[in-house]
Protein chains: 2
Amino acid sequence: MKDIITINECSALRFIPENQYAGWQKKAIEALKLLESGQGKGSDFLGWIGLPSGTPQELIDQIKNICNDWQKDVELVVVIGIGGSYLGAKAVIEALSHSFSFWLSAAGPQIVFAGQNISEDYLAELDDLMKTRSIACIVISKSGTTTEPAIAFRLIKQHILGRYGKEETKRRIVAITDKSRGALRHMADRQEYRSFVIPDNVGGRFSVLTPVGLLPIALAGIDIEDLIAGALNMEHVTAEKKADNPAVKYAALRNALYSKGKKIELLVNFHPKLHYVTEWWKQLFGESEGKEHKGIFPAGVDFTTDLHSMGQYIQDGERHLFETVISVASANRSLTIPEDLEDADGLNYLAGKHIDECNKMAELGTCLAHVDGGVPNLRIEIPSLNAYNLGALLYFFQKACGISGYILGVNPFDQEGVEAYKKYMFALLNRPGFGTRGEPDANHR
Amino acid sequence: MKDIITINECSALRFIPENQYAGWQKKAIEALKLLESGQGKGSDFLGWIGLPSGTPQELIDQIKNICNDWQKDVELVVVIGIGGSYLGAKAVIEALSHSFSFWLSAAGPQIVFAGQNISEDYLAELDDLMKTRSIACIVISKSGTTTEPAIAFRLIKQHILGRYGKEETKRRIVAITDKSRGALRHMADRQEYRSFVIPDNVGGRFSVLTPVGLLPIALAGIDIEDLIAGALNMEHVTAEKKADNPAVKYAALRNALYSKGKKIELLVNFHPKLHYVTEWWKQLFGESEGKEHKGIFPAGVDFTTDLHSMGQYIQDGERHLFETVISVASANRSLTIPEDLEDADGLNYLAGKHIDECNKMAELGTCLAHVDGGVPNLRIEIPSLNAYNLGALLYFFQKACGISGYILGVNPFDQEGVEAYKKYMFALLNRPGFGTRGEPDANHR
């Protein structure tokens with residue numbers, strides 16, 4: 001059986017002295033052992049490792065029940081969440097939906113997101129939209145008090161309540177939150193919303209395979225059992241304590257390159273639908289590793305689009321970056337370049353070729369050119385864009401991130417730095433319990 | 001009269017020794033003089049400087065004629081272009097359209113883009129969409145042979161021709177291309193498409209105020225005369241040879257920070273609609289400065305969304321970055337946070353406040369927190385998001401980019417590095433005239 005995920009490191013290894021790479025491989029295997037032992041930093045948050053094998057059928061059935069229920073009469077589902085409660089679902093839905101699904105969707109509700117910003121214009125315009133559609137809402141928050149989703153939920157809850165009344169509101173709001181604690185859990189219980197649990201031991205950026213990701217993804221018409229099955233494959237593959245485990249390989253390579261002064265990693269795709277997989281990856285690695293004044297800066301480019309914007313910099317700018325390409329072997333659709341009698345554009349040499357073949361040659365040509373220019377290039381190869389392979393890819397990145405963070409020596413499962421702006425914001429907004437410099441009072445929080 | 005664009009440098013200057021900053025200001029003024037003298041590197045491509053004051057009324061009228069013509073019966077306009085032939089229009093249209101315009105648009109055609117990638121899935125799915133709508137097409141390319149737009153145009157041209165016939169096709173395709181040379185110019189003349197000229201002395205990333213940007217922007221219902229008027233204001237303001245010229249100030253600050261090891265610039269917004277202004281800016285600065293193994297790496301974040309992904313890294317990761325915030329003083333819409341009797345989410349301390357007020361405190365709190373964390377923060381302040389202010393902002397960035405590139409010592413108006421991947425790609429695709437290593441034959445190109 002061909003592996004779902006293959007790492008091609010040829011064009012990266014030439015930038016790492018041969019006698020040093022073995023050391024990085026060894027460190028990566030040690031880091032994997034530490035991760036799986038549950039003895040490393042942040043080990044209260046390792047619940048994500050066993051999610052694929054541990055998802056009960058009952059959870060899948062509950063999710064399907066909501067899908068069937070809303071299928072009947074809901075046209076628009078507003079999914080409220082930020083960070084890890086937003087990016088996983090957004091990434092999978094964008095990757096697996098029709099590029100113009102907002103105009104051409106099949107049966108089933110459309111999905112829009114809210115609570116991922118504090119834009120007055122965005123929320124007012126969402127209100128314009130909600131008025132024209134039969135709506136329902138999923139609200140995702142462990143605490144229920146994170147400012148962005150809490151503001152959005154207050155508005156949308158009032159909209160639903162005012163429009164549909166108390167009883168029907170129970171059917172149109174689903175909460176995904178803590179098992180027993182927090183404002184949203186209490187609200188859900190008291191108002192009798194249907195609800196799902198975010199496990200205690202799974203952090204936001206590792207939560208795509210919990211209801212946080214699974215419910216919105218299922219509502220978008222994507223097969224979540226396939227998604228989980230792909231992740232399960234990777235749960236097995238990435239558990240192997242050896243150097244050709246793809247998660248070990250990727251973690252070793254990126255740390256080796258970082259040690260050589262490559263301080264920016266560009267996650268590269270050649271498929272516009274993967275844009276939000278990159279955004280999800282940026283959170284995963286940036287929030288896991290960007291601490292103690294270290295960590296690779298995660299950035300993304302969508303090629304060939306961005307070859308015509310960031311391409312010049314990558315080719316010839318500062319030599320502090322490397323590229324990691326998500327390479328998709330096959331397109332899902334079939335379209336060839338037509339013959340043209342006049343050939344004014346000079347493209348007849350491509351006539352009859354699949355467009356994806358040109359894309360592949362752009363991908364290969366870019367790798368050759370950038371390596372010439374001094375940019376290490378490593379490739380993560382998957383067979384095609386479907387739920388199974390995407391589940392595998394996301395799990396692979398999570399596992400590699402845990403390993404990589406341990407190699408770096410940080411706790412990859414906390415995010416203390418995210419609180420800093422909130423303290424100042426609360427003080428500026430005169431939130432009770434916050435002093436003028438944003439220090440919480442002793443008896444709050 | 002209040003300036004449209006104000007630079008607030010307080011939280012950046014503390015990272016620059018006082019005795020050094022005057023030197024950077026002086027260099028910036030010298031660079032501006034060089035730019036305006038037309039004696040600097042790449043001075044064949046300075047046509048953009050005088051575009052706002054030099055736009056003939058006739059051009060505006062021709063654009064309006066097309067808008068009026070297509071208004072009657074065109075539902076979907078496909079705009080074909082890549083790089084500078086894509087990002088300017090995309091940035092302005094996204095910034096000034098309703099967040100859900102694809103569902104709630106007023107009269108007038110919808111705009112979609114093509115030719116900005118080589119994705120087989122994207123083009124096949126665009127074909128699905130085109131079949132359901134009355135369509136027209138704008139094709140933008142100086143040469144007409146750039147691979148991505150040429151492939152898209154070949155497909156879309158055949159679609160239009162097959163569906164509407166030869167005569168009607170003349171009405172439904174508009175070409176924006178070179179005055180006299182190139183494949184697209186010849187095609188346009190022979191097929192009798194209506195056409196517009198891309199001036200010889202304006203490069204792609206500086207072309208948003210030529211028909212390249214103006215026609216698609218006008219078709220989206222945006223007032224291009226306001227856009228040009230805002231840019232015209234900045235044409236005057238940024239011509240002043242003094243240190244408080246905002247373009248001089250921004251160019252001096254970013255080069256001073258770069259000299260202190262701040263190698264990544266994060267363009268920050270707090271308004272999701274500005275996402276593509278950041279993408280446009282990344283091309284502008286990355287392609288202008290990323291050469292000779294130098295230049296600041298341009299990256300972008302959309303806050304507060306990305307405070308919950310990249311926020312941790314910015315707060316605590318490697319200290320090699322600084323932030324430039326586009327700060328918008330007023331929201332366009334009005335929405336306040338409602339009171340809630342139960343106050344389960346604890347948000348009643350915000351009840352009655354405008355959402356934008358919270359956003360502003362998030363912005364200010366973020367600045368305080370990141371500066372605490374060692375991240376210089378400079379701010380570009382504009383009054384609101386409208387065509388006039390956006391025209392000013394884009395022109396400001398272009399002028400600052402020219403100045404900044406000259407301070408850095410590069411030619412900010414070429415982009416040799418963009419060709420590198422194409423050579424390999426052409427060789428791999430067996431394009432006539434390209435050898436196996438991608439070297440063009442002597443008698444081609």
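The rules behind each value
- Residues numbered from 1 in each chain as written.
- Chains lettered and ligands numbered in written order.
- Predicted model: local features only at pLDDT ≥ 70, side-chain atom pairs only at ≥ 80, totals over all residues.
- Heavy atoms only, no water.
- Axes fitted to C-alpha atoms, helices over the stretch in contact; angles between N-to-C directions.
- Helix = DSSP H or I, 4+ residues; strand = E, 2+ residues; numbered from the N terminus.
- Left-handed = near helix turned anticlockwise from the far one by under 90°.
- Contact = heavy atoms within 4.5 Å.
- Nonpolar A, V, L, I, M, F, W, Y, C, P; charged D, E, K, R; others polar.
- Buried < 20%, exposed > 50% of the residue type's maximum accessible area, 1.4 Å probe, protein only.
- Lys, Arg positive; Asp, Glu negative; His and termini not counted.
- Salt bridge = Lys/Arg side-chain N within 4 Å of Asp/Glu carboxyl O.
- Polar contact = N/O pair within 3.5 Å; in protein donor to acceptor, adjacent residues only side chain to side chain.
- Pairing = 2+ DSSP bridges.
- Right-handed = clockwise from strand over helix to strand, strands pointing away.
- Least-squares fit on C-alpha atoms with pLDDT ≥ 70 in both.
- Buried area = accessible area lost by both parts, 1.4 Å probe.
- Expected span 1.5 Å × (residues − 1).
- Domains from an automatic or database assignment.
- Disulfide = S-S within 2.5 Å.
- Phe/Tyr/Trp six-rings, centres within 6.5 Å; stacked < 30°, edge-to-face > 60°.
- Core = buried A, V, L, I, M, F, W, Y, C linked by side-chain atoms within 4.5 Å.

**Section: the packing of helix H5 (residues 87-96) of chain A against helix H16 (residues 387-408) of chain A**
Residue and element names in this part refer to chain A.
Line of reasoning, step 1. Remark: H5 packs on H16, axes separated minimally by 11 Å, with the N-to-C direction vectors making an angle of 145°. Seen from above, H5 lies across H16 with right-handed handedness. The residues of H16 that touch H5, namely those facing Val92, Ala95 and Leu96, are Ala387, Leu390 and Leu394.
Line of reasoning, step 2. Taken together, the residues of the contact of H5 with H16 break down into six nonpolar, no polar and no charged.

**A closer look at the side chain of Lys262(B)**
All names here are of chain B.
Line of reasoning, step 1. Note that Lys262 resides in the loop between helix H12 (246-259) and strand S7 (264-269).
Line of reasoning, step 2. No salt bridge is formed by the buried Lys262, whose closest oppositely charged neighbour, Glu318, lies at an N-O distance of 9.2 Å.
Line of reasoning, step 3. At a separation of 2.9 Å, a polar atom in the side chain of Lys262 contacts the main-chain carbonyl oxygen of Arg319.
Line of reasoning, step 4. Setting aside its immediate chain neighbours within four residues, Lys262 contacts Leu257, Ile296, Arg319, His320, Leu321, Phe322, Gly374 and Pro376.

**Overview of the pairing of strand S7 (residues 264-269) of chain A**
All names here are of chain A.
Line of reasoning, step 1. Along S7, six of the six residues are buried, which leaves the element largely enclosed by surrounding structure.
Line of reasoning, step 2. Residues Ile264, Leu266 and Val268 point to one face of S7 and Glu265, Leu267 and Asn269 to the other, with burial holding for every one of them.
Line of reasoning, step 3. With six bridges joining them, S7 and strand S8 (residues 297-302) adopt parallel strand pairing. Directly across from Leu266, in S8, lies its bridge partner Ala299.
Line of reasoning, step 4. With helix H13 (residues 275-289) bridging S7 and the parallel S8, this β-α-β connection has right-handed handedness.
Line of reasoning, step 5. Note: S7 against strand S9 (residues 321-328), six bridges, orientation parallel. Its bridge partner being in S9, Glu265 is matched across the sheet by Phe322.

**Here's the deal with the sheet that holds strand S3 (residues 110-114) of chain B**
All names here are of chain B.
Line of reasoning, step 1. Sheet architecture is open: five strands sit in the order S3-S2-S4-S5-S6, paired in parallel fashion. Edge positions in the open sheet fall to S3 and strand S6 (194-197), since each of these has one partner strand only. With direction set aside, neighbouring strand axes in the sheet form an average angle of 20°.
Line of reasoning, step 2. Relative to S3, helix H7 (residues 120-130) is tilted by about 155°, and along the sheet it contacts strand S2 (76-80), S3 and strand S4 (135-140).

**Topic: the relation of the copies chain B and chain A**
Line of reasoning, step 1. Superposing chain B onto chain A takes a rotation of 180° plus a shift of 0.0 Å along the axis, which leaves an RMSD of 0.0 Å. Taken together, the turn and the small shift mark the pair as related by a two-fold rotation axis.

**Some details on the interface of chain B and chain A**
Line of reasoning, step 1. Contact residues are listed per partner, giving 132 residues for chain B and 132 residues for chain A.
Line of reasoning, step 2. Summing both partners gives a buried area of about 11,500 Å² for chain B against chain A, and 63% of it is carried by carbon and sulfur.
Line of reasoning, step 3. Between Glu125(B) and Lys273(A) there is a salt bridge, and its shortest N-O distance comes to 2.9 Å.
Line of reasoning, step 4. Put simply, chain B and chain A have 68 residue pairs in polar contact (both at pLDDT 80 or more) between them.
Line of reasoning, step 5. Counting residues per element, the side of chain B that touches chain A draws most heavily on helix H15 (residues 355-372) of chain B, at 13 residues.
Line of reasoning, step 6. Class assignment of the residues belonging to the side of chain B that touches chain A gives a composition of 56 nonpolar, 41 polar and 35 charged.

**Section: H13(A)**
Line of reasoning, step 1. Compared with an ideal rise of 1.5 Å per residue, which puts 15 residues at 21 Å, H13(A) spans 21 Å between its outermost C-alpha atoms and is within 8% of the ideal.
Line of reasoning, step 2. Counting buried positions over the 15 residues of H13(A) gives 13, a clear majority of the element.

**Some words on helix H11 (residues 224-237) of chain A**
Residues and elements named next belong to chain A.
Line of reasoning, step 1. With 14 residues, H11 extends 20 Å from end C-alpha to end C-alpha; this agrees with the ideal 20 Å at 1.5 Å per step.
Line of reasoning, step 2. Buried within H11 we find Ile224, Leu227, Ile228, Gly230, Ala231, Asn233, Met234 and Glu235.
Line of reasoning, step 3. Looking at the buried side of H11, the elements it contacts are helix H3 (51-54), helix H4 (57-71), H5, helix H10 (211-219) and H16.
Line of reasoning, step 4. Among the residues of H11, the N-terminal cap falls to Asp223, whose side-chain oxygen and the backbone nitrogen of Glu225 are separated by 2.9 Å.

**Details of the domain arrangement of chain A**
All names here are of chain A.
Line of reasoning, step 1. Once the domains are mapped, chain A shows domain 1 (6-41 + 241-411) and domain 2 (48-227).
Line of reasoning, step 2. For domain 1 and domain 2, the distance between their C-alpha centres works out to 30 Å.
Line of reasoning, step 3. The partner domain 2 presents 26 residues to the 23 residues of domain 1 that form the contact.
Line of reasoning, step 4. The largest share of the area that domain 1 buries against domain 2 comes from Lys273, Tyr276 and Gln398, three residues that together contribute 29% of it.
Line of reasoning, step 5. Linking domain 1 with domain 2 are one salt bridge, by the criterion used here.
Line of reasoning, step 6. Close ionic contact of Glu287 with Arg205 constitutes a salt bridge, the shortest N to O distance being 3.0 Å.
Line of reasoning, step 7. Of all the elements in the fold, those that place two or more residues in the side of domain 1 that touches domain 2 are H13 and H16.
Line of reasoning, step 8. Here the side of domain 1 that touches domain 2 is built from residues that sort into twelve nonpolar, five polar and six charged.

**Notes on the sheet that holds S7(B)**
Residue and element names in this part refer to chain B.
Line of reasoning, step 1. Strand order in the open sheet formed by five strands is S1-S10-S9-S7-S8, and the pairing between neighbours is mixed. At either margin of the open sheet sits one strand with a lone partner, and together these are strand S1 (6-8) and strand S8 (297-302). For this sheet, the mean angle separating the axes of adjacent strands, direction not counted, is 20°.

**What to know about the environment of Leu307(B)**
Line of reasoning, step 1. Of note, Leu307(B) is situated in the loop between S8 and helix H14 (311-316).
Line of reasoning, step 2. Judged by relative accessible area, which is 1%, Leu307(B) ranks as buried.
Line of reasoning, step 3. Contact partners of Leu307(B), with chain neighbours within four places excluded, come to Val418(A), Tyr421(A), Gln312(B), Thr366(B) and His370(B).

**Some points on the state of the cysteines**
Note: disulfide means a covalent bond formed between the sulfur atoms of two cysteine side chains.
Line of reasoning, step 1. Following the criterion strictly, the structure yields zero disulfides over all chains and no others.
Line of reasoning, step 2. Distance from the sulfur of Cys367(B), which forms no disulfide, to the nearest cysteine sulfur (Cys10(B)) is 9.0 Å.

**Let's talk about the pairing of strand S10 (residues 377-382) of chain B**
Residue and element names in this part refer to chain B.
Line of reasoning, step 1. Counting buried positions over the six residues of S10 gives five, a clear majority of the element.
Line of reasoning, step 2. Pairing between S1 and S10: three bridges, direction antiparallel. Residue Ile7 lies in a different strand from S10, and its bridge partner there is Ile380.
Line of reasoning, step 3. In this fold, the crossover linking strand S9 (residues 321-328) to S10 by way of H15 has right-handed handedness.

**Quick notes on the packing of aromatic side chains**
Line of reasoning, step 1. Across all of its chains, the model carries 41 aromatic pairs over all chains by this definition.
Line of reasoning, step 2. Ring centres 5.9 Å apart and planes at 75° place the aromatic pair Tyr250(B) and Phe285(B) in the edge-to-face group. Remark: Phe285(B) occurs in helix H13 (residues 275-289) and Tyr250(B) occurs in helix H12; sequence separation between them is 35 residues.
Line of reasoning, step 3. Here a set of aromatic residues connected by ring pairs shows up, and it is made of Phe100(A), Phe102(A), Trp103(A), Tyr122(A), Phe100(B), Phe102(B), Trp103(B) and Tyr122(B).

**Describing unusual backbone geometry**
All names here are of chain A.
Line of reasoning, step 1. Following Phe303, the chain continues to Thr304 via a peptide bond in cis, the omega torsion being 0°.
Line of reasoning, step 2. Mapping Thr304 onto the fold places it in the loop between S8 and helix H14 (311-316).
Line of reasoning, step 3. Notably, Glu292 is not glycine yet its phi reads approximately 55°, a positive angle.
Line of reasoning, step 4. As for its placement among the helices and strands, Glu292 is situated in the loop between H13 and S8.
Line of reasoning, step 5. Its identity as a non-glycine residue notwithstanding, Asp343 has a phi of 55°, on the positive side.
Line of reasoning, step 6. Its location among the elements puts Asp343 in the loop between S9 and helix H15 (355-372).

**Quick notes on the nonpolar core**
Line of reasoning, step 1. Phe297(A) and Phe297(B) are the most contacted members of the largest nonpolar core, which has 122 residues in total.
Line of reasoning, step 2. Apart from residues no more than four positions distant in its own chain, Phe297(A) is found in contact with Lys263(A), Ile264(A), Glu265(A), Ile264(B), Leu266(B), Phe297(B), Ala299(B), Met310(B), Tyr313(B), His320(B) and Leu321(B).

**Considering the pattern of salt bridges**
Residues and elements named next belong to chain A.
Line of reasoning, step 1. Considering all chains together, one arrives at 78 salt bridges over all chains under this definition.
Line of reasoning, step 2. With its nearest N and O atoms 3.4 Å apart, the salt bridge here joins Asp200 to Lys179. Of this pair, Asp200 sits in the loop between strand S6 (194-197) and H10 while Lys179 sits in the loop between strand S5 (173-177) and helix H9 (183-191), and the two are 21 residues apart along the sequence.
Line of reasoning, step 3. With a relative accessible area of 51%, Lys179 lands in the exposed category.
Line of reasoning, step 4. Three or more residues are tied together by salt bridges with common partners; here these are Asp69, Lys72, Asp73, Glu168, Arg171, Arg172 and Arg194.

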